[in-house]
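Topology and contacts: notes
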Amino acid sequence: FVPSSTPTAFEHNRSSNPLTLVQVARVPPQPKEATWLIEQLWLASGVGLLGGHAKACKTYLAAELALAVASGKPALGRFPIPRPGPVVFFGAEDSLSALRARFEGLAQARGCDLEQLAVFLIDVPVLRLDSPQDLARLRAAIASCKPRLVVLDPFVRLVGRIDENSAADVSAVLGALRALQRDLDVAILLTHHTRKSPVSHPNQAFRGSTDFAAWSDSNLLLARKDQHLVLTIEHRSAPAPQPLSLSLAQDPAPHLVALSPHGPAAPVDNSSNSDPLTDDIRRQLHDASRPLTTVEIRDRLRRRKSDVVAALQRLRADRLITRTGTGWQAL
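Presented here is an overview of the structure given in this document. (Residues numbered from 1 in each chain as written. Predicted model: local features only at pLDDT ≥ 70, side-chain atom pairs only at ≥ 80, totals over all residues. Heavy atoms only, no water.)

Here we take up the packing of helix α7 (residues 276-287) against helix α9 (residues 305-317). For the pair α7 and α9, the least separation of the axes is 10 Å and the interaxial angle reads 75°. Taken together, α7 and α9 sit at an angle that is classed as roughly perpendicular. Residues L277, T278, I281 and R282 of α7 form the contact with α9, whose own contacting residues are D307, V308, A311, L312, R314 and L315. Its residues assigned to classes, the contact of α7 with α9 shows six nonpolar, one polar and three charged. (Axes fitted to C-alpha atoms, helices over the stretch in contact; angles between N-to-C directions. Helix = DSSP H or I, 4+ residues; strand = E, 2+ residues; numbered from the N terminus. Parallel < 35°, antiparallel > 145°, perpendicular 65-115°, else oblique. Contact = heavy atoms within 4.5 Å. Nonpolar A, V, L, I, M, F, W, Y, C, P; charged D, E, K, R; others polar.)

Spelled out as structure tokens, the structure:
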């Protein structure tokens, strides 16, 4: 085949319609509150991967983040949601009833009403990201729902015959998802398995082509260490927090709990303003899987309510705790 030297009509149209140029100073600045979908965990309208080995609680964490975005409750009990909104969730390895049960448990643990959650499950037996027809249906569903977040779990069940080690195959699928994100202004979280062998950098942890890591705006990596899970966080355009220890709690229903760096107890403030009551309150709030009311804190510590109220006000003034619609939580 020898390419024709005669330009086509399409090429003529492209050459006569130059690309639009905008001076950088004329681009409206991004509001600070629009930076995060989930503060410190996921960038607003960002794409990325949630990775981990099999049985590493990837779906638990994906559902936790989905519930947080839909409800406005802090993710893992501590990461605020600046602008809550609807979520679209597809779990290729779970039935709709199994996903409902998972969300019911999370809603109970986080003090949410399942009936009020704008979490929408994609009700199809198979969804292929390498199928133009399925991608068109997915685009239409997202356009109709206008979610803040789309969760697709996991990659290996969402593609047909493509080779995850092939850069060409993987980049075609990830490019289609990037186009969805940009066209519809939605964050996309894709779960994916990590390599079994140790790696020197988190970007190398994802199984298959290096295009996975290159594609992401935010990445979350789950790994088991002793009796806990360790969550490593990376962002393309924002500083990453320190790795976080997680534990799978069973009461009142299975859900992930964020631990302090050295276990469930909150770090003690050794400054001159610290006192035993404020230290005890901080520990209670760090250990809790949900915000606690003043009365709950008083009953747990068996202290006078007036003393607890005064200590809470001191901690809030020091920006160590915050008050939500359902109680107090640690920062």
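With respect to the secondary-structure elements, H255 resides in strand β11 (residues 255-259). Its relative accessible area of 0% is what places H255 among the buried residues. Separated by 2.7 Å, the side chain of H255 and the backbone oxygen of A253 make a polar contact. If we ignore the near neighbours within four places in the chain, the residues touching H255 are L106, A109, R110, S247, L248, A249 and S289. (Buried < 20%, exposed > 50% of the residue type's maximum accessible area, 1.4 Å probe, protein only. Polar contact = N/O pair within 3.5 Å; in protein donor to acceptor, adjacent residues only side chain to side chain.)

A few words now on α7. Over its 12 residues, α7 extends 16 Å from the first C-alpha to the last, a length consistent with the 16 Å expected when each residue adds 1.5 Å. Listed as buried for α7 are L277, T278, D279, I281, R282, L285 and H286. (Expected span 1.5 Å × (residues − 1).)

The next point concerns the pairing of strand β12 (residues 321-324). Note: β12 against strand β13 (residues 327-330), four bridges, orientation antiparallel. Of the residues in β13, the one forming a bridge with I321 is A330. In sequence, β12 turns back onto β13 through a hairpin of two residues. (Pairing = 2+ DSSP bridges.)

Let's shift gears to the nonpolar core. Membership of the largest hydrophobic core comes to 41 residues, with the highest contact counts inside it found for I38, L41, L61, L76, F89, L231 and L246. Element by element, the count of residues in this core is highest for helix α2 (residues 58-71), at nine residues. In this structure L231 touches L41, L61, L76, L220, L221, L222, P243, L244 and L246, once residues within four positions along its chain are discounted. Membership of the second largest hydrophobic core comes to 29 residues, among which are F155, L177, V186 and F212. (Core = buried A, V, L, I, M, F, W, Y, C linked by side-chain atoms within 4.5 Å.)

What follows deals with the sheet that holds strand β9 (residues 228-235). With respect to topology, nine strands assemble into an open sheet ordered β5-β4-β6-β7-β3-β8-β9-β10-β11, the strand pairing being mixed. The open sheet has two edge strands with one neighbour each: β5 (119-121) and β11. In this sheet, neighbouring strand axes are inclined to one another by 25° on average, regardless of whether the strands run parallel or antiparallel.

Moving on, we get to the pairing of strand β8 (residues 218-225). Examined bridge by bridge, strand β3 (residues 47-52) and β8 share five bridges and lie parallel to one another. Across the sheet, the residue bridging to G51 is L221, located in β8. From the end of β8 to the start of β9, which pair antiparallel, there are two residues, and D226 there has a positive phi angle of about 55°.

Side-chain pairs of opposite charge can arise whenever the charged atoms involved come near each other. Enumeration over the complete set of coordinates arrives at 12 salt bridges. Residue E93 pairs with R157 through a salt bridge whose shortest N-O separation is 3.1 Å. Placement of E93 in the loop between β4 (87-91) and α3 (96-110) and of R157 in the loop between β6 (149-153) and α5 (167-184) is noted, with a sequence separation of 64 residues between them. A salt bridge links R178 to D217, with the shortest nitrogen-to-oxygen separation between them at 2.9 Å. Of this pair, R178 sits in helix α5 while D217 sits in the loop between α6 (211-215) and β8; the two residues are 39 residues apart in sequence, bridging distant segments of the chain. For the pair formed by R178 and D217, the shared burial category is buried. It is possible to trace a salt-bridge network through shared partners that takes in R178, D217 and R236. (Salt bridge = Lys/Arg side-chain N within 4 Å of Asp/Glu carboxyl O.)

What follows concerns unusual backbone geometry. As a rule of thumb, non-glycine residues mostly have phi less than zero, and peptide bonds are mostly trans rather than cis. With omega at -10°, the peptide bond leading from D153 into P154 counts as cis. Relative to the helices and strands, P154 resides in the loop between β6 and α5. Across the junction of D251 and P252, the peptide omega takes the value 5°, indicating a cis bond. Among the structural elements, P252 can be located in the loop between β10 (244-249) and β11. Phi is positive for K55, which is not a glycine, with a value near 65°. Note that K55 resides in the loop between β3 and α2. In this model, L76 sits at a positive phi of 55°, which is unusual for a non-glycine residue. Position of L76 relative to the elements: it lies in the loop between α2 and β4.

Residue position: A330 is located in strand β13. Taking relative accessible area as the criterion, A330 reaches 9% and is therefore assigned buried. Note: C-alpha distance between A330 and R316 (14 residues apart in sequence) is 9.3 Å. Excluding its chain neighbours within four sequence positions, the residues that come into contact with A330 are L285, H286, L320 and I321.

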